[in-house]
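Coordinates in review
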Amino acid sequence: MASPERNKKILLDMVKQPSNDHCADCGAPEPDWASYKLGVFVCVNCSGTHRDFPAISQIKSIRLDFWDDSLVEFMKTRGNAAVNAFYEKCVPPFYYRPQEKDCVVLKDQWIRAKYERREFTGENNSLQQVYSSGLYEGILWKKGKDNKQFLKRRFLLSETDFTLRYFTKEDSKKPKAVISMKDLNAVFQPEKIGHAHGLQISYLEEEQTRNLFVYHDNSQEIVSCFNAIRATRFAYLKKVDPNARECDLVPLITRSSIKEGYMEKTGPTQWETFKKRWFVLNLTDRKMSYFKTSLDALELGAVFIGTEVHGYSVREVQPKGNRSGRWRFGVTLETPDRQFVFLCDQEQDQREWIEAFKLVISQPMLPQHYNTEANMRRMTK
């Protein structure tokens, strides 16, 4: 007869072991759930997706549910490391492996690709063709430049010339835009876009950041599109630097901002009225762009952020006068050329922005950062 307390102790000891102490799918620490059909320990969020395909995975709480002896013995023969070695055997280096804080659609499709479709076991490599063939074509809903309306647009991604094109009409041969992979970035932004599958595509046009906001109603399709972009970016990076190691190129494929949100900003003389703007701070290129709203297509301006040695610093400040509205939590960013003053709505936002600026300032500048700084200074003169 099964001993509930003994089996619970065995499972709790197992989940403390290396590899088992993090979710098998998203890496979240201290997973409290397990798939007793697959033999992996997962977090509560990933367990929800596992419940969607009971023929493949069945879930129990390792703390609250009853575990039969046979199920515990099965878990002892598996574990996260062994199971992932099989189900993640052939994951392409460019394929995005979601982390704990990533959006639902990324984690959901990663789990389905691993276990339900078995895309990475080596048995079904043909399923990877949709995002790894070097050519992707699909219809996405794209937000209009000057309004909130989303319209169907045809997108064509090619590894041949490392471009992403989109067309205003499905049968059109002339693209509305031809976007180079050189500076292209793609990141999921479901909350900002207002759709669970919302994807933001950003690129440089005449040294200014432009944004495309798109989505697809099918979750597998939008994640395939995202990974097709990553595959093409990865191929581009390998062509530019054929001697680079894959592990050094993968972090450069796409990037997420370290901080986004609204702040109020004044002009260079600091006598101008404060205006509300949407700011995006990136660590990779040490650049903070700002837009009129969170869904604007074109940036209004940008600020390069160097190191303390090069004359950059950040500090808390109390706003003076009545040129601002109700926002009272100030941040001063010092650069060699001028002083920027920003106002935050909440004290927590102020702390987060200061910490984000300090993180960028603390990182050493790379050769490409000096070029970015020089280009941005030329644009402001």
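Residues numbered from 1 in each chain as written. Predicted model: local features only at pLDDT ≥ 70, side-chain atom pairs only at ≥ 80, totals over all residues. Heavy atoms only, no water.

**Remarks on the nonpolar core**
- By size, the foremost hydrophobic cluster in this structure holds 57 residues, and its most contacted members are V42, Y95, Y115, L164, F188, L199 and I201.
- It is helix α8 (residues 219–240) that contributes the most residues to this core, eleven residues altogether.
- Setting aside residues no more than four positions away along its own chain, V42 makes contact with C23, A24, D25, P31, D32, W33, A34, S47, H50 and I59.
- Counting residues in hydrophobic clusters, the runner-up holds 23 residues, among them L281, V314, V331 and I354. (Core = buried A, V, L, I, M, F, W, Y, C linked by side-chain atoms within 4.5 Å. Buried < 20%, exposed > 50% of the residue type's maximum accessible area, 1.4 Å probe, protein only. Helix = DSSP H or I, 4+ residues; strand = E, 2+ residues; numbered from the N terminus. Contact = heavy atoms within 4.5 Å.)

**Things to note about α8**
- With 22 residues, α8 should cover 32 Å at 1.5 Å per step; its first-to-last C-alpha distance of 32 Å lies within 8% of that length.
- Across the 22 residues that make up α8, a large majority, 17, are buried. (Expected span 1.5 Å × (residues − 1).)

**As for the pattern of salt bridges**
- One pass over the structure, following the stated rule, counts 24 salt bridges.
- Residue K192 pairs with E260 through a salt bridge whose shortest N-O separation is 2.9 Å. Of this pair, K192 sits in helix α7 (residues 190–193) while E260 sits in strand β11 (residues 259–265), and the two are 68 residues apart along the sequence. With respect to burial, K192 and E260 carry one shared label: buried.
- With a closest N to O distance of 2.6 Å, E352 and K259 form a salt bridge. Taken together, the residues span a long stretch of sequence, with E352 in helix α10 (residues 347–362) and K259 in strand β11 at a distance of 93 residues.
- By relative accessible area, which is 12% here, K259 ends up buried.
- Several salt bridges share partner residues, and in doing so they unite D25, E88, R97 and K114 into one network. (Salt bridge = Lys/Arg side-chain N within 4 Å of Asp/Glu carboxyl O.)

**With respect to the UniProt feature "domain: Arf-GAP" (unreviewed entry) in the protein chain**
- Residues annotated in UniProt with the feature "domain: Arf-GAP" (unreviewed entry) correspond here to residues 8–128.
- For residues 8–128, the helix share is 36%, the strand share is 7%, and the end-to-end C-alpha distance is 39 Å. (UniProt positions renumbered as here; feature names shortened; annotations may be inferred.)

**Focus: the pairing of strand β10 (residues 208–215)**
- Most of β10 sits inside the fold, with seven of its eight residues counted as buried.
- Pairing of strand β4 (residues 135–143) with β10 involves two bridges; the strand directions are antiparallel. From the neighbouring strand, W141 faces β10, where its bridge partner is Y215.
- In the sheet, strand β9 (residues 199–205) pairs with β10 via seven bridges, with the strands oriented antiparallel. Bridge pairing in β10 links I201 to L212.
- Between β9 and β10, which follow one another and run antiparallel, lie two residues, and E206 among them has a positive phi close to 55°. (Pairing = 2+ DSSP bridges.)

**Some words on the sheet that holds strand β14 (residues 301–304)**
- Across the sheet, which stays open at both edges, the seven strands sit in the order β14-β13-β12-β11-β17-β16-β15 with antiparallel pairing between neighbours. Two strands close off the open sheet at either side, each with one partner strand: β14 and β15 (313–317). On average, adjacent strands in this sheet sit at an angle of 35° to one another, irrespective of strand direction.
- The sheet contact formed by strand β13 (residues 287–291) and β14 spans four bridges and is antiparallel. Its bridge partner being in β14, K287 is matched across the sheet by F304.
- Where α10 meets the sheet, it contacts β11, β12 (275–282), β13, β15, β16 (329–334) and β17 (339–344), and its direction lies at approximately 165° from that of β15. (Axes fitted to C-alpha atoms, helices over the stretch in contact; angles between N-to-C directions.)

**Quick notes on the packing of aromatic side chains**
- Scanning the entire structure with this criterion turns up 22 aromatic pairs.
- Residues Y95 and F120 carry aromatic rings whose centres are separated by 5.0 Å and whose planes lie at 70° to one another, so their mutual orientation is edge-to-face. Taken as a pair, Y95 in the loop between α4 (80–87) and α5 (104–116) and F120 in the loop between α5 and α6 (129–132) lie far apart in primary sequence, 25 residues in all.
- The exposure class assigned to Y95 is buried, which follows from its relative accessible area of 6%.
- The exposure class of F120 is buried, given its relative accessible area of 0%.
- For the ring pair F279 and W353, a centre distance of 6.4 Å and an interplane angle of 80° mean the geometry is edge-to-face. Taken together, the residues F279 in strand β12 and W353 in helix α10 connect sequence positions 74 residues apart.
- These aromatic residues form a ring-pair network of at least three members: F279, Y290, F340, F342, W353 and F357.
- Over the ring of W33 we find R51; its NZ or CZ atom is 4.9 Å from the centre of that ring.
- Lying across the ring of Y262, K276 places its NZ or CZ 4.5 Å from the centre. (Phe/Tyr/Trp six-rings, centres within 6.5 Å; stacked < 30°, edge-to-face > 60°. Lys NZ or Arg CZ within 6 Å of the ring centre and 35° of its normal.)

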